[in-house]
Amino acid sequence: MRILDTFRYSAQAATGTPLRTGLLMLAMSIGVAAVVMLTALGDGARRYVVNEFSAIGSNLVIVLPGRSDTRGFNPANIITSTPRDLTVNDASSLLRLPGVMRVAPITVATTEINASGKLREAMMVGTNADFIHVRQLKMGLGRFLGKSAMGHGAAEVVLGNKIRQDIFGNESPLGKMVRVGDRRLRVVGVLAEGGHGMGMSTDELVIVPVSIAQAMLNSNTLFRILVEARSRDQLEEVKARVLKMITQRHEGEEDITVITQDAVLETFDKILGVLTMGVAGIAAISLAVAGILVMNVMLVSVTQRTAEIGLLKALGATSGAVRQLFMVEAILLSLAGALMGIALGYLGAAMLRQFYPTFPAYPPMWAVLAGFGTAMVSGLIFGVMPARRAAQMDPIQALSKR
Amino acid sequence: MADASPQEQPESSLISLQGIERTFLLGDSKVHALRNVNLQIQPGEYIAVMGPSGSGKSTLLNMIGLLDRPDDGTYLLENRDVTTLNPDELAKVRSERIGFIFQSFHLVPRLTAAANIELPLVLSGMSAGERSKRVAQALKEYGLDDRAHHRPNELSGGQRQRVAIARATILRPAVLLADEPTGNLDKATGEEVVRLLEALNAQGMTLIVVTHDQALGARARRQIRMEDGSVVSDILNQQGHA
């Protein structure tokens, strides 16, 4: 039997029972669509986080106090405490290094902001004028903190958009005095709405010069130092120089951790990549179920077409030819179901993007291929048994069955 | 009626059965379907196999049609021992040399009349161009031109059996085996189908009909009567059809 004729015959056999074939294809397509959509979700989450981190700035080297036992970045670094202080002087020393363009020291604390009779809590960030460039933030009103020698900031404050609305409503806050902690500071600017990064909105920040923040907190410790390299290529050199410089300043003890943006991204990339794989694995279970359904449908088909199988054998079909007919039918069913599922999955992902435009839910190619492959393989594996049963059927008994 | 035994020239026989035995196990009892069956069939013969239910006529037909294997004995088809062939070789011989006609027609319900007739050609791996030529010719010969694209459920009983006969003969087999070919048909259409089969026989095709119907059996030139798995009489009927 010619291969083209085999395909035609099997396709006709499949379309001969439209309801059963349709339901089977539906089951198979739901399995594939689940893989495609869930991986789109997982991968979307990964991209979303990567984008968030990229928003911090791309050529960044981040200096954290304390050293983790293992080399490289470890999410625990973000929350561990400090064995030896990072100081503003450490930060200014980095400015002299070749390849370094900007340095922004950061202290962070929760504090109260109080003006025109309104009081609320806010996250205070103490930093310098370079912070806005390093973090790639935009101003909504006024200007950012003024340039000054490190550690000698004027009594100025920049507000996040939400804070400004809560306290001043629609009035312009520029030039007004607010009380932040125990200091009275002049509002010089408001950040543009919607700035974000590191999972934190800038809308609820209060940004003050680092010297004022440290005086207020009565400490000279920095939370982080952000260093911006001149280019992406210099990132590794800058990282090494920063580490060497701070180690020298800390009496030769390597008590800091220096990470690059890439390392942070890589870690989150890895974590969410694994998550996506896990989700895909769960979805693949539904594909295995669909495979069992293929077997069931094919077994029913073999039973219902017993007389036909007997006839084919009487007309001179070999067992091999009969087996091939049923295998091809199982494969065609899986193929049609898989293609339908991929279409459904892409449609679902597109709808997801429609409803949540910021969420980049694109199905990754590997998942689409894996879903397709799993569908085909399960169709193939579960098609073997029914096809063998058909091939081994005794033609005389098969023919005597009406 | 002459009682001439037609078993004189075994060396030129189309079909030669010698000492064929076949037993089935039904539960734990053995059923002797064929006992020591010896038959010589010459090319172009018209044979009716008759006998009561369970006498082994259908088993004999399946044996001749290579759907069943004897437990013992030899079967020479065109002087070739077919009892030693493997299943794939048997399928090939079936495809090329044997045509089956069934009481219940056994048409594939989802295929059109033309596609049903085409089936043996498809299975044999013939090219599509050659196939459509042969199918068109067969449709014309059997008067099914205007029914080519109808499915079996849109055809009358007589038309269905004509499709089945066209399918059985499209590869020009040496032997045509018919198992109660008129069993599901009324008298008039049955008559029509028998005449069609006899016409094929007249063209030289060996025709073996298994039937209960005495009238149908009496038309055959050679009548074989079976009982309990054995051939009990084998007579040439001079008044019979050619």
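Residues numbered from 1 in each chain as written. Chains lettered and ligands numbered in written order. Predicted model: local features only at pLDDT ≥ 70, side-chain atom pairs only at ≥ 80, totals over all residues.

(A) Structural detail: the interface of chain B and chain A. Across the boundary between the two partners, chain B contributes 21 residues, which contact 21 residues of chain A. At the level of elements, α2 (87-97) and α3 (113-124) of chain B are the ones that each hand at least two residues to the side of chain B that touches chain A. Element by element, the count of residues in the side of chain B that touches chain A is highest for α2 of chain B, at six residues. Tallied by class, residues from the side of chain B that touches chain A come to ten nonpolar, six polar and five charged. (Contact = placed C-beta atoms within 7 Å. Helix = DSSP H or I, 4+ residues; strand = E, 2+ residues; numbered from the N terminus. Nonpolar A, V, L, I, M, F, W, Y, C, P; charged D, E, K, R; others polar.)

(B) Representation of the environment of Phe53 of chain A. All names here are of chain A. By the secondary structure assignment, Phe53 is in helix α2 (residues 18-54). Overall, Phe53 belongs to the buried group, with 20 C-beta atoms counted inside 10 Å. Residues Phe53 and Ser92, spaced 39 residues apart in sequence, show a C-alpha to C-alpha distance of 25 Å. (Buried ≥ 20, exposed ≤ 12 C-beta atoms within 10 Å, placed from the backbone.)

(C) Here's a closer look at the environment of Leu222 of chain A. Residues and elements named next belong to chain A. By secondary structure assignment, the location of Leu222 is in the loop between α6 (210-217) and β11 (224-229). For the pair Leu222 and Val50, spaced 172 residues apart in sequence, the C-alpha separation works out to 26 Å. Every residue in contact with Leu222, bar those within four places of it in the chain, is listed here: Leu86, Thr87, Val88, Ala91, Pro105, Ile106 and Thr107.

(D) Structural detail: the domain arrangement of chain A. The domain boundaries assigned to chain A delineate domain 1 (3-52 + 267-400) and domain 2 (85-254). Computed over C-alpha atoms, the centres of domain 1 of chain A and domain 2 of chain A are 56 Å apart. (Domains from an automatic or database assignment.)

(E) Representation of the environment of Leu191 of chain A within the structure. All names here are of chain A. Along the chain, Leu191 falls in strand β7 (residues 183-191). When the C-alpha atoms of Leu191 and Met37 are compared, they prove to be 37 Å apart, with 154 residues separating the residues in sequence. Look past the residues within four positions of Leu191 in its chain and what remains in contact with it is Leu137, Met139, Gly140, Val158, Gly160, Asn161 and Thr202.

(F) Main features of the nonpolar core. Core analysis: the largest hydrophobic core is formed by 130 residues, its most contacted members being Val32, Val35 and Val36 of chain A together with Val49 and Leu177 of chain B. If near-sequence neighbours (up to four positions away) are discounted, Val49 of chain B is found in contact with Lys57, Leu60, Leu61, Ile208, Val210, Ile224 and Met226 of chain B. (Core = buried A, V, L, I, M, F, W, Y, C linked by C-beta atoms within 7 Å.)

(G) Quick look at the sheet that holds strand β7 (residues 175-179) of chain B. All names here are of chain B. Spatial ordering of the open sheet is given by β6-β7-β8-β3-β9-β10, a layout of six strands whose pairing is mixed. On the outer flanks of this sheet lie β6 (98-101) and β10 (230-236), each paired with one strand and no other. In this sheet, adjacent strand axes meet at a mean angle of 15° when their direction is disregarded. (Pairing = 2+ DSSP bridges. Axes fitted to C-alpha atoms, helices over the stretch in contact; angles between N-to-C directions.)

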